[in-house]
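Chain by chain, the residues:
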Amino acid sequence: MSDTRRRVKVYTLNEDRQWDDRGTGHVSSTYVEELKGMSLLVRAESDGSLLLESKINPNTAYQKQQDTLIVWSEAENYDLALSFQEKAGCDEIWEKICQEDEKFLSEVFAQLTDEATDDDKRRELVNFFKEFCAFSQTLQPQNRDAFFKTLAKLGILPALEIVMGMDDLQVRSAATDIFSYLVEFSPSMVREFVMQEAQQSDDDILLINVVIEQMICDTDPELGGAVQLMGLLRTLIDPENMLATTNKTEKSEFLNFFYNHCMHVLTAPLLTNTSEDKCEKDFFLKHYRYSWSFVCTPSHSHSHSTPSSSISQDNIVGSNKNNTICPDNYQTAQLLALILELLTFCVEHHTYHIKNYIMNKDLLRRVLVLMNSKHTFLALCALRFMRRIIGLKDEFYNRYITKGNLFEPVINALLDNGTRYNLLNSAVIELFEFIRVEDIKSLTAHIVENFYKALESIEYVQTFKGLKTKYEQEKDRQNQKLNSVPSILRSNRFRRDAKALEEDEEMWFNEDEEEEGKAVVAPVEKPKPEDDFPDNYEKFMETKKAKESEDKENLPKRTSPGGFKFTFSHSASAANGTNSKSVVAQIPPATSNGSSSKTTNLPTSVTATKGSLVGLVDYPDDEEEDEEEESSPRKRPRLGS
């Protein structure tokens, strides 16, 4: 009895695009001397005559269809097909065809990565792979999967790691296209490779860091290649396509890898372009092949200095006289916008990984330096990053923002924008409107207590007046809560002398500074903002009257129509850098690389008190504000001259 597994019908495609039956026989795979290679032979079952003799050519696109068909083209208008009686026979012949492909591909990979291969030959080989991958998109899903799995087994990813780092622009471009096919096929396959690679390679030569470096070093004025690579990176770090099984969670493993081994490479241009530290810039230029010039330099440096206890007029809200560096080179601005887009994606889709990174690097402060850019699109990217953070309504982030006085550059940008009702104006207004609508109490209190004087004349929207109303409603609610407490408890529990209050506040400052030194934010801790607010507010209400006479000396003085000037009184301890109730907020520099200098550069005008509820300056009662109101309320005041 003949072997039915190898029993096939041979078909050819005629000019009318119809399949002609050329006979039935048995197929085999054997070496044919005349053809100099492995070939498919079909002999007729009737008389043993040769129905088909076809060399297995690695350049030929074979397709397996419907489990029992193998189809290919041998010439421009000569298509062939083998129809198997049994699936097992089809699988057996298909495996032999792929084995021949593997031999060929192995030889190509060896030439591609060989240092002795000349540039023209390497360019030809990488373009061949690019076209090969492009053609694979026309295959049936089963065949396409087999193709990419074969490439992965043969070492396509290590080969790409080599060629993507070469100087030849055409080779790098083709390698990027091949990498995009692989990421689209299986991001998990790429992630698994880079995590295994990290166990035996330095960070600098990891494939994913090579990809990031290529994005940073794109010489195209429009950054076309960088945009493509940024999209691939976003796919790789997207938790939505990460696998989770009983014994293994790809998301946690890969994100731990990415933040430990790759994030510093991604953020290096951002941290360097917002740094006043020359050493930090030199470090980056030494370790990365980065070609951008830093076109803006600070007027003077405060690197590694302690925040001054006295603030000059140059440092108050609304003043741009002391702007820190800002990349005004268009190509650099485009690159930073791409990086910010990716970081914003991280804020939206990652949890404690990005939160730890932002706080350890003081990243939001560095990002907000870009609000000074002359490129509005870059300023909007920086604002969007902050908006995504605030949109999470996370009290860890809120405390970080208020203690760092990070609304100041945003309000400066709004005031500097003047009366232009453009996209920047709308975006800033929308941010504050979100805080009002969502009733984020800690941020509302911080904004009203520290910036309302600069914002109260903006009347074309009701956002800021609405924030003031929310703030006052919360004050009334806390007053009612306080009044509901029995008087004996109120006197014993709340009526403490000023000295005791100062000692308690000093203790809180010390505890809070210790907390800031900790690098990890516990993901399981759940803050209770509504509980924190009343406790701080009660302390505020109790001390307000005792401080009234002292605070009135510190009220903002109107120096000219539409202008304000802050005056501060400081104790001896403040001048020495120690904590007291009237010391300007001092944000300790982050201990991580690349962020120490920036924390001292942005001036602050807010007291770092618990919960950021007690302002440095007590504003007059509403009646006094009404008496001082100017005749042209729609003109925006600027703080500072």
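Residues numbered from 1 in each chain as written. Predicted model: local features only at pLDDT ≥ 70, side-chain atom pairs only at ≥ 80, totals over all residues. Heavy atoms only, no water.

## Considering the packing of aromatic side chains
Keep this limit in mind: Two rings belonging to Phe, Tyr or Trp (six-membered ring only in the last case) form a pair when the distance between their centres is within 6.5 Å. Interplanar angles under 30 degrees mark stacking, angles over 60 mark edge-to-face geometry, and anything in between is tilted. Strands are runs of DSSP state E lasting at least two residues, helices are runs of H or I lasting at least four, and both sets are numbered from the N terminus onward. Exposed residues in this analysis have more than 50% of their type's maximum accessible area, buried residues have under 20%, and partly exposed residues fall in between, with area computed by a 1.4 Å probe over protein chains only. The criterion is that NZ of a Lys, or CZ of an Arg, lies within 6 Å of the ring centre and within 35 degrees of the ring normal, and then a charge sits over that ring.
Throughout the structure, instances matching the rule amount to 16 aromatic pairs. Ring geometry for Tyr330 and Phe377: centres 5.9 Å apart, planes at 75 degrees, overall edge-to-face. In this pair, Tyr330 sits in helix H12 (residues 330–349) while Phe377 sits in helix H15 (residues 376–391), placing the two residues 47 residues apart along the sequence. Judged by relative accessible area, Phe377 falls into the partly exposed class, the value being 30%. Aromatic rings pair up to connect Phe104, Phe109, Phe128, Phe129, Phe132, Phe147, Phe148 and Phe185 into one cluster. The ring of Phe254 has Arg191 lying over it, and the distance from NZ or CZ to the ring centre is 5.8 Å. Of note, Arg387 hangs over the ring of Phe434, and the distance from its end group to the ring centre comes to 4.0 Å.

## What to know about helix H7 (residues 207–216)
Most of H7 is tucked away: ten of the ten residues are buried. When we look at burial in H7, the residues that qualify are Leu207, Ile208, Asn209, Val210, Val211, Ile212, Glu213, Gln214, Met215 and Ile216.

## Describing the side chain of His353
To keep things clear, this is the line we draw: Residues are treated as being in contact if the distance between any of their heavy atoms lies within 4.5 Å.
Within the fold, His353 resides in helix H13 (residues 352–361). Apart from the residues within four sequence positions on either side, His353 is in contact with Ser252, Leu255, Asn256 and Tyr259.

## Some points on unusual backbone geometry
Of note, Arg17 is a non-glycine position whose phi angle comes to about 60 degrees, a positive value. Relative to the elements of secondary structure, Arg17 occurs in the loop between strand S1 (7–13) and strand S2 (19–32). In this structure, Asp67 is a non-glycine residue whose phi angle is positive, near 70 degrees. Mapping Asp67 onto the fold places it in the loop between strand S5 (63–65) and strand S6 (69–75).

## Concerning the packing of H15 against helix H18 (residues 423–438)
Our working definition: Where helices are involved, their axes are fitted lines through C-alpha atoms of the stretch in contact, as for all axes, and angles between N-to-C directions lie from 0 to 180°. Throughout this description, any angle smaller than 35 degrees is read as roughly parallel, any larger than 145 degrees as roughly antiparallel, any in the 65 to 115 degree range as roughly perpendicular, and the remainder as oblique. Side-chain classes are defined by residue name, with Ala, Val, Leu, Ile, Met, Phe, Trp, Tyr, Cys and Pro counting as nonpolar, Asp, Glu, Lys and Arg as charged, and the others, Gly among them, as polar.
Look at H15 against H18: their axes get within 10 Å of each other, and the N-to-C directions meet at 10 degrees. Taken together, the axes of H15 and H18 are roughly parallel relative to one another. Two secondary-structure elements touch here, H15 through Thr376, Leu380, Leu383, Met386, Arg387, Ile390 and Gly391 and H18 through Leu423, Leu424, Ala427, Val428, Glu430, Leu431, Phe434 and Ile435. Here the residues of the contact of H15 with H18 sort into eleven nonpolar, two polar and two charged.

## Comments concerning the nonpolar core
It is characteristic of soluble globular proteins that their nonpolar side chains tend to be buried jointly. Going by this rule: For this analysis, a nonpolar core means a set of buried residues of the types Ala, Val, Leu, Ile, Met, Phe, Trp, Tyr and Cys, connected via side-chain atoms within 4.5 Å.
Grouped together as the largest cluster of nonpolar side chains are 120 residues, with contacts concentrated most on Phe179, Phe407 and Phe432. In terms of residue count, the dominant contributor to this core is H12 (twelve residues). Not counting residues within four places of it along the chain, the set of residues in contact with Phe432 comprises Phe407, Val410, Ile411, Ile447, Thr463, Phe464 and Leu467. With 18 residues, the next largest nonpolar core counts Leu40, Tyr62, Leu82 and Trp94 among its residues.

## Overview of the pairing of S2
Rules: Strands were regarded as paired on the criterion that DSSP finds at least two bridges between them.
With seven bridges joining them, S1 and S2 adopt antiparallel strand pairing. Each bridged residue has a counterpart across the sheet, and for Lys9 the counterpart in S2 is Thr24. Linking S1 back to S2 in an antiparallel pair, the connection comprises five residues, with Arg17 at a positive phi of about 60 degrees. In terms of strand pairing, S2 meets strand S3 (residues 37–44) through eight bridges, oriented antiparallel. Residue His26 lies in a different strand from S3, and its bridge partner there is Arg43. Between S2 and S3, which pair antiparallel one after the other, the connecting turn spans four residues, and Lys36 there sits at a positive phi close to 55 degrees.

## Some words on the environment of Leu207
Within the secondary structure layout, Leu207 lies in helix H7. We classify Leu207 as buried; its relative accessible area is 0%. Taking the C-alpha atoms as reference points, Leu207 and Met164, 43 residues apart in sequence, are found 8.9 Å from one another. When neighbours within four sequence positions are excluded, Leu207 is seen to be in contact with Leu157, Glu161, Met164, Phe179, Phe193, Val194 and Glu197.

## So, the packing of H7 against helix H8 (residues 224–236)
Applied cut-off: Rotating anticlockwise by less than a right angle from the far helix to the near helix defines a left-handed crossing, while the corresponding clockwise rotation defines a right-handed one.
Across the interface, H7 lies against H8 with an axial gap of 8 Å and an inter-helix angle of 145 degrees. Considering how the two elements wind past one another, H7 and H8 form a crossing that is left-handed. Contact residues: H7 offers Ile208, Val211, Ile212, Gln214 and Met215, while H8 offers Ala226, Leu229, Met230, Leu233 and Leu236.

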